[in-house]
Amino acid sequence: MFLLLKYTSVSSQNVPQIETLTTEHGLTFRDVRSIAQDTMGFMWFGTQQGLNQYDGYNFKVYNSNKDNPHFIEEDKITAQIKIEASKNELWYVASEQIFKLNIETDSISSYSEKNGVKGSVLFLYKDVKEQIWIVTDDYWKASSGKAKQYIQKFDGKDAFTVFAEEKRGSREFTHIISDNNNNMYWGTILKGVIKYNEDGKQLSERKLVSFIWYGEEMFYAQFYFDKANNQYYFPKGKKINGVLKLNKTTNKFEDFLDVPLPIYHALEDHQGSFWFAAEEYLYRVDTEGNVQDFTKDLKKHLDYSKINALFQDSNKLLWVATDNGLFKIRIKKQLFSQLFKTEKEGWGNTFRGIFETKEGSIIAMCESQYKLVGMDALGKEFEVPLHSAINNSATPIAASRSFTLTKDSTAVYSVNDNLIKINLDNGLITMFPEFNSRLNITSGNPLIALKDGSLLFGYSLSKLTVFNPESNESRLVFPNLKMEDNISELRFFLASKEENIVWVGTQNKGLLKINLKGTIEAIYNTKSVPALSNNTILVLFEDDNKLWIGTYGGGLDCFIPSENRIINFNKEQGLSDNNVVGILPYQEDFLWISTYDGLSLFDTKATSFQNFYVEDGLTHNEFNYTSFFKDSKGIYYFGGMNGITKFNPKPILKKVTMPAMRFTNYSKYSSKTNEIFKYELEKQKVSVIDISPYDQYFTVSWTMPNFFNISKNQYYTKLEGFEDRWYFQGNSSSIRYNKLPSGEYTLKVRGADSNGNKSSNVLSLPLTVHQIFYKTWWFLGLVFIAIIGFIYSVFNYRLQQLKAMNQLRTKISSDLHDDVGSLLSGLAMQTEMLEMNANEKDRLKLKRISKISRDAIVKMRDLVWSIDNRRERILDLIERMEELADEMLLPKEIVCKINKGNLNHHKKLPIAVKQQLYFIYKEAITNVLRHSNATKVLVSFKNNSGLGYLKIKDNGTESKKDSKTGMGLENMKMRAEKINAEINFYTINGFTILIKLPFAF
């Protein structure tokens, strides 16, 4: 065994995790002078072409372009920008003038000489009490040699007051800072550092190291105070540079960072480490005094020539402003160790099987070099020198993927095109050629040790072999398997806790449950019940009552045999990738899952995922199947495409609180105006969003301002009132809805970062989609009222017409009865009187006239009765029929009986029905008199099944056609048709007329 120098192993140190933000991402100008963060978590960058607000996805620009809705008068940022958190206001210096921006309203306040500002603003500072300070310079206003510099303090209203003043040097260099006691330190050219108390009293004056600037000696210096109120000094002398720290005991400055460069910016991060920036160099000094130079790492990502500012945001992310954009450096303790990783990016040393020796060494197969390499308990790397007495192949473990130790852990078994045994002490390989026909070097060749120490291997069911190394005996599990039942391309074996049961994952046939006694207990695939998510199985793990199945492309399946149910977890639920290659349990409720794109920690109880990637310290995002292991000390190992990732899970379980999510804006397209309207939600305190019926679609955007690796944030949405579950949106930070039905909705949004750390809040936005006016309740109500009004008007009009008609009918019937009836009666009477005295010849003529007059009176009476609206009841019809029978049948001694039945006698009949029924009845009676020898006539009314029946029957035996017209029966049919009635004639046992009406009496 010997040390491997070609591999790199990185322990749990702080590896730089760097991202950039440049004009390619939307930054308006590359030279960033200053950085701040507002109370909503958004970042602000001051450039020489304006202010940029950044929400993690989009930039909002404030500049002097008058067409810009976010217009500011001066946009050349020449000094710091500061956020006054209590008021959420941004102070900035542009073109050496001081301004204040109200972030919520976008209103600008400018401060000039009338507000007490003494001249050009050179420096802006905010102390621990959030008091605003500036350094001003009246060089351009003062007479020669009289120029001064001033420290001025904002009075909290609208003016700056002078706190201190000093004679200006030949240059504008200046710097102020306060300590934890709010004492103010002013770096000047002529007097060095002047210290004031909070009331403006000068406490000390100290000239430290000077430097020569174009022939003039300058004592200008910069200071920094850490959280413990320690003082640091940045000398700029010829021989002294770097950082000095004040020894409070001796009151002398001592070396803290010895670098040959002047330092201009400093910051203490949340871990207590210090960051110092020179012109283009960035150094980090940790709590133990170790110095790390980040300059080369920065230069790998972005070219720049000057660092302008350092800033740590609320997410503990370090921002570095340069003259060519911004760096984001994640200050995070490395949780993962990297073993056997090459320095080059991409694929390097790929690994498969991993196992532990009895001495505690970890050994793994480096697939790309066909070697077994390891690390002992002391962290020393080694290689197992492989050799074979029989086969001199230089690659005896080529295509080996699975490894299993012997009982005494002195050797390890593996399979490729042979079953091989490797002695771990000397690397001697023993081969078992008798099994060559049962193995296939191009197959997965799984291998496991059973409970009794036997080995199970074989690339298909027909070749599946149990081999006992101690007795050297072997047997086929399925010796008599039919060809059609054989399944090849076996990929993974897992011995079940159930006796003699082995779970088998296959290349494309799904999951098999086999009994080692030679039976196939069950087959599960994408078409079975329950169904798998994919037929390619890469890894299996069984706990007390579940079988976890890692698939190729289908994610993670959880099979619960007791319920015969499979639950699928994939990227939509937060899994890092849908190709699962390794599963290891942790504690009772967690699973570590390696995939083709990251490592996931799955909380099986909460069904939530934390994901980890290269930026978190993994050797590579893509892991290999059969390359995962947990050692005897509880340390986890996952092999991938460039080395092995090693870690202790305990510190990783600590979750990070993510910043609050915020809605940023929404937009909608109106078909009525053919315009897109945009609204900023982070400023407008919107209680509800109103969506017009003319809005074809609307889009809502949000952000979770964690800023690092933000492209891997994951979001879920739910539109309450429209959707009944959460929908996975991936890393999209907006959602669009088209033509929602009218109603009240609430849009809910939740998110998590790439590691599965959830946002500290769930966004909620009420939405009201208004109904188009012609579908609103009030419009429908008005339409309903209008329809009712129209119907009422028509009904009332018809009613009035009917009333008028009835009145007319009554008048006509009365007039006919009174006037015409009197005339006809008088005519008949006069004729009869004349008849008495007339001769025989005239008497016949007068008698005929009298008869015609009497017939006219009868017909007129029938007509008057039929149109009289006061005679519309069924009872009126029956009474009229009885009168007619008495008049016509009684003189002929023909008995007429009318059976009224169980009718509603007071029901009104339509005038047409009353008329036609009466005239049909009259025609029938006339026919009885003229054409029948009947002695009885029976008339009956009846209702049946909603229909009305009228039957007229006589007992006559003779019936002959009317000699004059022959139209009697035809007239009856014509009258029946007019009232939609059906009429039939029967001659059995007399003559019967049956009328069926379409309604009941």
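Residues numbered from 1 in each chain as written. Predicted model: local features only at pLDDT ≥ 70, side-chain atom pairs only at ≥ 80, totals over all residues. Heavy atoms only, no water.

Engineer: Which residues make up the overall build of the protein chain, and what are the values?
Structural biologist: Within the protein chain, the secondary structure is distributed over 7 helices and 74 strands. For the protein chain, the C-alpha radius of gyration of 53 Å lies well beyond 30 Å, the compact-globule estimate for 1001 residues. Along the first, second and third principal axes, the C-alpha atoms of the protein chain reach 175 × 105 × 35 Å. Across the 1001 residues of the protein chain, 51% fall into the buried class. (Helix = DSSP H or I, 4+ residues; strand = E, 2+ residues; numbered from the N terminus. Rg over C-alpha atoms; globule rule 2.2 N^0.38 Å. Buried < 20%, exposed > 50% of the residue type's maximum accessible area, 1.4 Å probe, protein only.)

Engineer: Talk me through the packing of helix α6 (residues 911–931) against helix α7 (residues 968–978); I want residue IDs and the actual numbers.
Structural biologist: At a minimum axis distance of 9 Å, the contact between α6 and α7 shows a crossing angle of 165°. The orientation of α6 with respect to α7, classified from their angle, is roughly antiparallel. At the point where α6 passes α7, the crossing takes the left-handed sense. Of α7, the residues touching α6 (which contributes Gln-916, Phe-919, Ile-920, Glu-923, Ala-924 and Asn-927) are Gly-968, Leu-969, Met-972, Arg-975, Ala-976 and Lys-978. (Axes fitted to C-alpha atoms, helices over the stretch in contact; angles between N-to-C directions. Parallel < 35°, antiparallel > 145°, perpendicular 65-115°, else oblique. Left-handed = near helix turned anticlockwise from the far one by under 90°. Contact = heavy atoms within 4.5 Å.)

Engineer: If you had to explain helix α5 (residues 874–888) to someone new, which residues and values would you point to?
Structural biologist: Taking 1.5 Å of rise per residue, the 15 residues of α5 would be expected to cover 21 Å, and the 21 Å separating its terminal C-alpha atoms lies within 8% of that figure. Taken together, the buried positions of α5 are occupied by Ile-874, Leu-875, Asp-876, Leu-877, Ile-878, Arg-880, Met-881, Leu-884 and Ala-885. (Expected span 1.5 Å × (residues − 1).)

Engineer: How would you sum up the sheet that holds strand β74 (residues 991–997)? Please name residues and give values.
Structural biologist: Pairing in this open sheet of 5 strands is mixed, and the strands run β70-β71-β72-β74-β73 from one edge to the other. With partners counted over all chains shown, the strands left at the sheet margins are β70 (895–899) and β73 (982–986), one partner each. With strand direction ignored, the average angle separating the axes of adjacent strands in the sheet is 10°. In this structure, β70 lies alongside strand β71 (residues 936–944), joined through 5 bridges in parallel fashion. (Pairing = 2+ DSSP bridges.)

Engineer: Outline empty space enclosed by the protein, supporting the account with residue identities and numerical values.
Structural biologist: On inspection of all chains with the given rule, the structure shows 3 cavities of 30 Å³ or more. Considering only enclosed or pocket space, the second largest cavity measures out at about 40 Å³ in volume. What lines the second largest cavity is Ala-924, Val-928, Val-937, Ile-952, Lys-953, Asp-954, Phe-991 and Ile-993. Only α6, β72 (947–954) and β74 provide two or more residues apiece to the lining of the second largest cavity. Considering every element that reaches the lining of the second largest cavity, the biggest residue donor is β72, with 3 residues. Residues that form the lining of the second largest cavity fall into these classes: 6 nonpolar, no polar and 2 charged. (1 Å grid on protein atoms, 1.4 Å probe; cavity = no way out; pocket = protein on both sides within 12 Å on 5 of 7 lines; lining within 4 Å. Points joined across faces, edges and corners; volume = space filled by probe spheres on them. Nonpolar A, V, L, I, M, F, W, Y, C, P; charged D, E, K, R; others polar.)

Engineer: So what's going on with the domain arrangement of the protein chain? Residues and values would help.
Structural biologist: As assigned here, the protein chain comprises domain 1 (32–111), domain 2 (662–771) and domain 3 (872–1000). The gap between the C-alpha centroids of domain 1 and domain 2 is 26 Å. Counting residues at the interface gives 17 residues for domain 1, matched by 15 residues for domain 2. Where domain 1 abuts domain 2, roughly 1300 Å² becomes buried across the two surfaces, and 53% of that area is made up of carbon and sulfur atoms. By the criterion of area lost to domain 2, the three top residues of domain 1 are Met-40, Tyr-57 and Glu-104, representing 45% of everything that side buries. Viewed at the interface, domain 2 and domain 1 are joined by 1 salt bridge. The shortest N-O distance in the salt bridge between Lys-60 and Glu-680 comes to 3.1 Å. Of all the elements in the fold, those that place two or more residues in the side of domain 1 that touches domain 2 are β5 (50–54) and β6 (59–62). For the side of domain 1 that touches domain 2, the class distribution of residues is 7 nonpolar, 6 polar and 4 charged. (Domains from an automatic or database assignment. Buried area = accessible area lost by both parts, 1.4 Å probe. Salt bridge = Lys/Arg side-chain N within 4 Å of Asp/Glu carboxyl O.)

Engineer: Any details on the pairing of strand β26 (residues 274–277)? Residues and values, ideally.
Structural biologist: In β26, alternate side chains face the same way, and those of Phe-274 and Phe-276 on one face and Trp-275 and Ala-277 on the other are all buried. When strand β25 (residues 265–268) meets β26, the two strands line up antiparallel, connected through 4 bridges. Directly across from His-265, in β26, lies its bridge partner Ala-277. Connecting β25 to the next strand, β26, in antiparallel fashion are 5 residues, including Gly-272 with a positive phi near 85°. The antiparallel hairpin formed by β26 and strand β27 (residues 282–285) contains 4 residues in its connecting segment.

Engineer: Account for the packing of α5 against α6, with residues named and values stated.
Structural biologist: Viewed as axis vectors pointing N to C, α5 and α6 meet at an angle of 20°, and their least axial separation amounts to 11 Å. In terms of axis orientation, α5 runs roughly parallel to α6. Crossing geometry of α5 relative to α6 is assigned as right-handed. Where α5 abuts α6, its residues Leu-877, Arg-880, Met-881, Leu-884, Ala-885 and Met-888 lie against Lys-914, Leu-917, Tyr-918, Tyr-921, Lys-922, Ile-925, Thr-926 and Leu-929. Per-class residue counts for the contact of α5 with α6 are 10 nonpolar, 1 polar and 3 charged.

Engineer: Describe in detail the sheet that holds strand β15 (residues 175–178), supporting the description with residues and values.
Structural biologist: Here 4 strands make up an open sheet; going across it, the order is β15-β16-β17-β18 and the pairing antiparallel. The sheet terminates laterally at β15 and β18 (202–206), the two strands that pair on one side only. This sheet shows a mean twist of 15° between the axes of neighbouring strands, independent of strand direction. In the sheet, strand β17 (residues 193–196) pairs with β18 via 4 bridges, with the strands oriented antiparallel. Looking across to β18, one finds that Ile-194 is bridged to Glu-205.

Engineer: Give a detailed account of the side chain of Gln-222, specifying residues and quantitative values.
Structural biologist: Relative to the elements of secondary structure, Gln-222 occurs in strand β21 (residues 222–225). A polar contact of 3.0 Å, which involves the side chain of Gln-222, links it to the backbone oxygen of Tyr-264. (Polar contact = N/O pair within 3.5 Å; in protein donor to acceptor, adjacent residues only side chain to side chain.)

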